[in-house]
Amino acid sequence: MKRSVAGMLMLMALGLAYAKDKPMSGVSEKVSVASRGGKVLVTLTVSNKTRQPIYLWKVTYQSRQLFGPDVDISVVGSAAPVNYIGPVVKRAPPQPDDYLKVEPNGMHRNTIDITRAYDFQPGKQRYRLSHTGSYVLDLQQLDHPETMKPASTVFTHTQVAQPAEQ
């Protein structure tokens, strides 16, 4: 009996250690892209199907534009990435006010215009876009973010060639 209790406690401890490194079950992100009118609009939707609030970084989940290469884009059928050409902003470490709260069983959606942030190829192309989101559980421990399962989608975009500058 003592041996089985000790073994069970050992398995529980290993399970907790393993769970610590995995994303919390019940928090997920979906990514979708709308390409219309010459624009590429990325919508990030985070669902919190847990019993506790989570906190998302406002720079990613509330801004209308990118301030760094937060999404990965490649041409379908090619391993070469589409280059990020948008602004890169150096920031101080995030503070609690830099996060927005998503209540238990809540959802947050944000749409970002990435049209001018990436060097899309001229003409009609199929692209794969992926994003790996993160969140924190405690605003007092911002240096321990949880990583969500990567979300990706494929979309078609037609980029009109820009005239060369003279």
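Now for a description of the structure that goes with this document. (Residues numbered from 1 in each chain as written. Predicted model: local features only at pLDDT ≥ 70, side-chain atom pairs only at ≥ 80, totals over all residues. Heavy atoms only, no water.)

Turning to unusual backbone geometry, a few remarks are in order. Backbone geometry at Asn105 places phi at a positive 60 degrees, although glycine is not the residue there. Counting through the fold element by element, Asn105 comes out in the loop between β5 (99–102) and β6 (106–113). (Helix = DSSP H or I, 4+ residues; strand = E, 2+ residues; numbered from the N terminus.)

Glancing now at the pairing of β6. Residues Gly106, His108, Asn110 and Ile112 line the buried face of β6, whereas the alternating positions Met107, Arg109, Thr111 and Asp113 sit on a face that is not buried. Bridging between strand β2 (residues 39–48) and β6 involves eight bridges; their strand directions are antiparallel. By the bridge assignment, Val42 is partnered in β6 with Ile112. (Buried < 20%, exposed > 50% of the residue type's maximum accessible area, 1.4 Å probe, protein only. Pairing = 2+ DSSP bridges.)

Mapped onto the secondary structure, Pro93 falls in the loop between β4 (72–75) and β5. Counting along the chain gives 49 residues from Pro93 to Leu142, while the straight-line C-alpha distance between them is 9.1 Å.

The three strands are arranged β1-β2-β6 in an open sheet whose pairing can be described as antiparallel. The open sheet is flanked by β1 (27–36) and β6, the only strands paired with a single partner. Neighbour to neighbour, the strand axes of the sheet diverge by 15 degrees on average, direction disregarded. (Axes fitted to C-alpha atoms, helices over the stretch in contact; angles between N-to-C directions.)

This paragraph deals with the sheet that holds strand β10 (residues 151–159). Either a parallel or an antiparallel arrangement is found when strands of a sheet pair, and the pairing is made through backbone hydrogen bonds. Sheet architecture is open: three strands sit in the order β4-β7-β10, paired in antiparallel fashion. Unpaired on one side and paired on the other, β4 and β10 mark the two borders of the sheet. Ignoring which end each strand starts from, the neighbouring axes of this sheet average 30 degrees apart. Both β4 and strand β7 (residues 123–131) contribute to a ladder of four bridges, which runs antiparallel. Bridged to Ser74 within β7 is Arg128.

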